[in-house]
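Per-entry structural report
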2 protein chains.
Amino acid sequence: MSQGRPPRAATATGGLAPLGHRSVALPGGGRFWSVIPAGGSGTRLWPVSRAGRPKFLLPLLGADSLLQQTVDRLAATTAPERTLVVCGPAHAAAVARQLPQLPEANLVVEPSPKNTGPAIGLAAALIARHDPDAIMGSFAADHDVRDRAAFGRALAAATEAARAGWLVTIGLTPTRPETGYGYIERTDEAVVATATGPVFRSARFVEKPAYDQAAAYVASGRFLWNASMFVWSVRSLLAEMARLQPALHAALLRIADGWDDPTRDEVTAEVWAGLAPVSIDQGIMEHAEKVAVVPAEMGWSDVGDWHGLGDLLVPDAAGNAVHGDLVQTGATNSVVWSETGRLIAMVGVDNVVVVDAPDALLIADRAQAQEVRRLVDLLREGQRIDQL
Amino acid sequence: MSQGRPPRAATATGGLAPLGHRSVALPGGGRFWSVIPAGGSGTRLWPVSRAGRPKFLLPLLGADSLLQQTVDRLAATTAPERTLVVCGPAHAAAVARQLPQLPEANLVVEPSPKNTGPAIGLAAALIARHDPDAIMGSFAADHDVRDRAAFGRALAAATEAARAGWLVTIGLTPTRPETGYGYIERTDEAVVATATGPVFRSARFVEKPAYDQAAAYVASGRFLWNASMFVWSVRSLLAEMARLQPALHAALLRIADGWDDPTRDEVTAEVWAGLAPVSIDQGIMEHAEKVAVVPAEMGWSDVGDWHGLGDLLVPDAAGNAVHGDLVQTGATNSVVWSETGRLIAMVGVDNVVVVDAPDALLIADRAQAQEVRRLVDLLREGQRIDQL
């Protein structure tokens with residue numbers, strides 16, 4: 001690859017700054033790098049989450065956005081110079097401003113969404129040029145983790161297995177028969193002995209099961225939620241990608257190889273346009289040779305919909321999770337979220353979601369919070385672009 | 001009274017313009033006059049109905065306000081010159097502008113709310129000075145009547161009985177065991193023979209009964225809702241007032257007697273301040289000698305709360321009554337009212353009320369729509385004066 005090129009003047013500090021003297025100045029290989037694919041629109045959190053301001057950019061659980069919290073959570077493990085965020089062009093400015101500590105070169109802008117395979121693969125290819133022995137972890141930008149110590153322990157165990165050549169998923173112990181998630185079945189084969197917990201060989205990945213199936217998975221004790229937390233050596237990942245997705249692998253190497261050239265954007269755009277979208281799960285993990293999983297409990301949530309977000313807020317005495325100015329009589333177990341500061345008054349309703357945005361208002365049955373996605377589909381069909 | 005005074009220059013045209021030459025110019029006694037007490041705050045229709053812009057001023061059922069619709073409904077019977085509106089100072093300007101056809105002198109501003117007894121009594125006293133033989137009907141400013149022909153027939157029957165000296169209520173055949181209304185029990189004694197329907201002597205008035213009682217009333221066929229529609233001769237009313245409420249009667253005559261004097265406002269304010277609040281029902285009708293009732297069905301509603309208002313709107317296919325921009329999936333039997341034009345999105349909720357005002361938002365169980373009044377009490381206790 002490009003390590004053999006003549007050095008060029010560095011134009012940015014740290015991180016993925018152009019190779020050259022820096023590849024010599026940073027010889028310490030095998031360090032831990034964090035990658036945060038910041039994609040997805042979070043339509044189930046409409047009308048707060050919008051195409052232009054998706055879930056990961058929003059301060060849904062405190063003053064910081066979910067992206068900022070994700071970076072902060074990883075700061076214990078990864079310095080900003082070894083943290084990469086992959087996002088789309090529409091969100092590059094917001095990400096750059098929310099993460100001032102992130103070196104400019106570490107903001108990787110994918111020209112268009114091609115699912116997680118290309119996004120995570122490109123990050124791996126770029127890291128490999130700087131640190132061929134790097135261990136890389138990939139973490140969604142819009143999830144919540146309450147127990148950071150448990151997260152750290154799982155990450156340490158996963159890193160040990162990754163150093164031994166395994167592609168590792170940190171899998172969450174399921175707490176309910178959720179039909180919206182993917183599951184990972186583990187074997188009883190411990191692949192490495194770690195001080196921080198077991199790492200098992202994976203048996204298989206299962207996408208969104210039916211309810212009865214999901215219930216059986218939870219009861220079995222052998223299935224874990226796939227929360228898109230991956231740890232591997234970039235060497236192992238790229239080797240499996242070369243085997244399983246050779247066209248993608250070649251394309252990503254071509255992009256990475258020209259990353260420091262003045263033609264980066266042209267080359268990237270051209271090559272990227274030809275990529276077939278594929279998820280890292282379906283493209284790599286489901287077919288790879290050495291796949292392992294670390295079972296973990298860490299107070300994880302994908303903050304997937306208003307019902308789930310409500311569970312993460314401290315409820316009032318009537319069980320209402322309130323972000324805003326609520327006056328109520330007889331209203332219980334509801335989720336109230338205001339972006340406008342308007343008074344919200346509730347009378348005698350139970351288990352509803354009320355979301356008050358400047359240009360739209362949502363009232364939903366809390367048990368049907370997932371269906372907000374369908375509502376957004378209706379808006380799209382109706383060309384209600386102002387509200388998307 | 002003042003008919004013997006020397007004529008003064010008329011300063012307004014028609015209606016209750018100062019007596020004098022006009023009392024000569026309009027000699028035709030015994031005509032029908034309409035009085036519309038425009039009071040009440042309509043708190044159950046919060047947050048659209050507010051203290052400063054109460055229910056009767058709002059266009060809740062079409063382009064015209066309920067007050068405008070009330071005047072229009074009476075126009076078949078009463079020219080503007082014989083229509084009086086009684087309201088409080090805070091609403092005088094709005095009433096004057098909503099009813100440009102109303103002579104200025106026919107807008108009677110009561111200094112403070114003293115319930116319906118003084119308001120209706122003052123109108124009667126003022127009418128009596130112009131037309132001692134007048135028949136007067138009094139009709140709430142904020143009710144809805146769908147069947148105007150039926151209303152007209154009931155009014156004709158009531159007028160016949162009123163000419164015979166009866167104090168007449170037009171009572172509505174109850175359609176449900178409503179506990180929020182007053183009821184009138186009728187006898188079988190027909191007091192006059194009319195071409196447009198029976199008029200019965202009343203047995204008694206009952207205020208807001210318990211549910212079981214209300215159910216028995218509805219089943220009996222002898223009870224009618226008291227919708228505050230009264231018809232009487234001003235002579236009969238004032239005679240009963242002199243007997244049953246002598247202090248009120250004397251006070252109202254004193255105000256009426258000085259109505260055309262430059263000191264009207266001072267006299268009115270002073271006398272009015274000393275009045276004890278009393279309803280026309282409790283102060284007069286429940287104790288009067290010759291009380292009759294006209295049973296009627298006219299598609300009447302008091303437009304009392306959001307549930308009731310919803311019943312008056314044309315529902316969509318899912319049974320939702322919508323005034324605004326609704327996009328929904330699985331939402332049924334709900335009432336949606338927007339004052340802002342914002343998109344309202346609903347998912348999977350049934351029987352809710354959603355009202356979107358610029359500074360406040362209401363979400364209520366439709367079956368508990370009456371409790372909105374309690375919510376407004378909470379706002380009052382909380383000194384939320386901006387939202388009252």
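Residues numbered from 1 in each chain as written. Chains lettered and ligands numbered in written order. Predicted model: local features only at pLDDT ≥ 70, side-chain atom pairs only at ≥ 80, totals over all residues.

Okay, the overall build of chain A next. Regarding its fold elements, chain A presents twelve helices and 17 strands. What you see for chain A is a C-alpha radius of gyration of 22 Å, in line with the 21 Å of a compact globule of 388 residues. Dimensions of chain A along its principal axes, counting C-alpha atoms only, are 70 × 50 × 35 Å. Burial status across chain A gives 50% buried among its 388 residues. A separation of at least 24 residues holds for 66% of the contacts in chain A among residues at least 6 apart in sequence. (Helix = DSSP H or I, 4+ residues; strand = E, 2+ residues; numbered from the N terminus. Rg over C-alpha atoms; globule rule 2.2 N^0.38 Å. Buried ≥ 20, exposed ≤ 12 C-beta atoms within 10 Å, placed from the backbone. Contact = placed C-beta atoms within 7 Å.)

We now examine the relation of the copies chain B and chain A. Each copy superposes on the other: chain B lies on chain A with an RMSD of 0.1 Å after a rotation of 179° and an axial shift of 0.0 Å. Taken together, the rotation and translation describe the operation of a two-fold axis. Within chain B, the C-alpha atom positioned nearest to the axis of rotation is that of B:Ile363, 4.1 Å from it. Interface residue correspondence from chain B to chain A reaches 100%, placing this contact among same-surface, isologous pairings. (Least-squares fit on C-alpha atoms with pLDDT ≥ 70 in both.)

What follows covers the domain arrangement of chain A. Residue and element names in this part refer to chain A. Here chain A is partitioned into domain 1 (2-301) and domain 2 (306-387). Each of domain 1 and domain 2 was reduced to a C-alpha centroid, and the two centroids are 31 Å apart. Its residues assigned to classes, the side of domain 1 that touches domain 2 comprises six nonpolar, three polar and two charged. (Domains from an automatic or database assignment. Nonpolar A, V, L, I, M, F, W, Y, C, P; charged D, E, K, R; others polar.)

Pairing is mixed in the open sheet, where six strands are placed in the order 13(A)-15(A)-17(B)-16(B)-14(B)-12(B). Each of the sheet's edge strands pairs with one partner strand only, and the pair in question is strand 13 (325-329) of chain A together with strand 12 (321-323) of chain B. Adjacent strand axes in the sheet meet at a mean angle of 10° when their direction is disregarded. The pairing of strand 13 of chain A with strand 15 (residues 343-347) of chain A spans five bridges and is classified as parallel. Pairing of A:Asp325 across the sheet is with A:Leu343, part of strand 15 of chain A. Helix-sheet contacts for helix 12 (residues 372-381) of chain B involve strand 13 and strand 15 of chain A together with strand 17 (360-365) of chain B, and the interaxial angle to strand 13 of chain A is about 130°. (Pairing = 2+ DSSP bridges. Axes fitted to C-alpha atoms, helices over the stretch in contact; angles between N-to-C directions.)

What follows is about the environment of B:Asp359. If you trace the backbone, B:Asp359 turns up in the loop between strand 16 (352-357) and strand 17. Residues B:Asp359 and B:Thr340, spaced 19 residues apart in sequence, show a C-alpha to C-alpha distance of 9.5 Å.

To continue, consider the interface of chain B and chain A. Tallying the contact residues gives 31 residues for chain B and 32 residues for chain A. Among the elements that make up the side of chain B that touches chain A, the one with the highest residue count is strand 17 of chain B (six residues). Its residues assigned to classes, the side of chain B that touches chain A shows 18 nonpolar, six polar and seven charged. Here strand 15 of chain A runs beside strand 17 of chain B; their pairing, made up of five bridges, is parallel. Each residue of the ladder has a partner; that of A:Ile344, found in strand 17 of chain B, is B:Leu361.

Let us look at the environment of A:Thr116. All names here are of chain A. You can see Thr-116 is positioned in helix 4 (residues 116-130). Residue classification places Thr-116 among the buried positions, given that 24 C-beta atoms sit within 10 Å. Along the backbone, Thr-116 and Ser-279 are 163 residues apart, and their C-alpha atoms lie at a distance of 4.7 Å. Excluding its chain neighbours within four sequence positions, the residues that come into contact with Thr-116 are Pro-37, Ser-279 and Ile-280.

Take the nonpolar core next. Core analysis: the biggest nonpolar cluster contains 249 residues, and A:Val168 and B:Val168 have the highest contact counts within it. For B:Val168, the contacting residues outside a window of four places in its chain are B:Ala158, B:Ala161, B:Ala162, B:Val199, B:Phe230, B:Val231, B:Trp232, B:Ala292, B:Val293 and B:Val294. (Core = buried A, V, L, I, M, F, W, Y, C linked by C-beta atoms within 7 Å.)

Strand order in this open sheet of six strands is 12(A)-14(A)-16(A)-17(A)-15(B)-13(B), and the pairing throughout is mixed. Since the sheet does not close on itself, it has two edges, and those belong to strand 12 (321-323) of chain A together with strand 13 (325-329) of chain B, each with one partner. The average angle at which neighbouring strand axes cross in this sheet is 10°, direction not considered. Of the strands in this sheet, strand 17 (360-365) of chain A together with strand 13 and strand 15 (343-347) of chain B touch helix 12 (residues 372-381) of chain A, which is tilted by about 130° from strand 13 of chain B.

A few words on unusual backbone geometry. Residue and element names in this part refer to chain A. Backbone torsion omega between Trp-46 and Pro-47 reads 5°, so that peptide bond is classified as cis. Relative to the helices and strands, Pro-47 is located in the loop between strand 1 (32-38) and helix 2 (66-74). Even without being a glycine, Asn-333 presents a positive backbone phi close to 50°.

On to helix 8 (residues 246-257) of chain B, then. Residue and element names in this part refer to chain B. For helix 8, built from twelve residues, the straight-helix expectation of 16 Å at 1.5 Å per residue is met to within 8% by its first-to-last C-alpha distance of 16 Å. Leu-248, His-249, Ala-251, Leu-252, Leu-253, Ile-255 and Ala-256 are the residues of helix 8 that are buried. On its buried face, helix 8 is in contact with helix 4 (116-130), helix 7 (234-244) and helix 9 (264-273). (Expected span 1.5 Å × (residues − 1).)

Right, let's talk about the packing of helix 8 of chain B against helix 9 of chain B for a bit. Pairs of packed helices are described in terms of their axes, by the angle between the two and the distance that separates them. Residue and element names in this part refer to chain B. Where helix 8 contacts helix 9, the two axes come as close as 9 Å, and the packing angle between them is 170°. Regarding the angle of helix 8 to helix 9, the classification is roughly antiparallel. Across the interface between the two elements, Ala-251, Arg-254 and Ile-255 of helix 8 pack against Val-267, Thr-268 and Val-271 of helix 9. (Parallel < 35°, antiparallel > 145°, perpendicular 65-115°, else oblique.)

Residues and elements named next belong to chain B. For strand 6 (residues 167-172), a buried count of six out of six residues is recorded, marking the element as mostly surrounded by other parts of the structure. The side-chain alternation of strand 6 yields two buried faces, one formed by Leu-167, Thr-169 and Gly-171 and the other by Val-168, Ile-170 and Leu-172. Here strand 6 runs beside strand 10 (residues 291-296); their pairing, made up of six bridges, is parallel. Within the sheet, the bridge partner assigned to Leu-172 lies in strand 10 and is Ala-296. Summarising the sheet, strand 6 and strand 9 (residues 223-233) pair through four bridges and their orientation is antiparallel. The partner of Gly-171 across the bridge, within strand 9, is Asn-226.

Now for helix 7 (residues 234-244) of chain A. Listing the buried residues of helix 7 of chain A in full gives A:Val234, A:Ser236, A:Leu237, A:Leu238, A:Glu240 and A:Met241. If you follow the buried residues of helix 7 of chain A, they end up packed against helix 4, strand 4 (135-138), strand 6 (167-172), strand 9 (223-233), helix 8 (246-257) and helix 10 (280-285) of chain A.

Glancing now at the confidence of the model for chain A. Residue and element names in this part refer to chain A. Across chain A, pLDDT averages 92, with 94% of residues at or above 70. Here residues 1-12 scores under 50 on pLDDT; set against residues more than four positions off or in separate chains, the count is 23 contacts. For this predicted complex, the interface confidence score (ipTM) comes to 0.84, while the overall pTM stands at 0.86. (pLDDT = per-residue confidence, 0-100.)

The next thing to look at is the packing of helix 4 of chain A against helix 7 of chain A. Residue and element names in this part refer to chain A. The interhelical angle for the contact between helix 4 and helix 7, taken along N-to-C directions, is 125°, at an axis separation of 10 Å. Taken together, the axis directions place helix 4 and helix 7 in an arrangement best described as oblique. Between helix 4 and helix 7 lies a crossing of left-handed hand. Where helix 4 approaches helix 7, its residues Gly-121, Ala-124, Ala-125, Ile-127 and Ala-128 are matched on the opposing element by Val-234, Leu-237, Leu-238 and Met-241. Residue classes in the contact of helix 4 with helix 7 are distributed as eight nonpolar, one polar and no charged. (Left-handed = near helix turned anticlockwise from the far one by under 90°.)

Looking now at the pairing of strand 10 (residues 291-296) of chain A. All names here are of chain A. Among the six residues in strand 10, six count as buried, and that is most of the element. Neither face of strand 10 is left uncovered, since the one carrying Val-291, Val-293 and Pro-295 and the one carrying Ala-292, Val-294 and Ala-296 both have all their residues buried. Relative to strand 10, strand 8 (residues 199-206) runs antiparallel, the two sharing two bridges. The partner of Phe-200 across the bridge, within strand 10, is Val-293.

All names here are of chain B. Note that Arg-204 resides in strand 8 (residues 199-206). Residue Arg-204 is classed as exposed on the basis of its 12 C-beta neighbours within 10 Å. The spatial distance from the C-alpha of Arg-204 to the C-alpha of His-287 is 8.8 Å, given a sequence separation of 83 residues.

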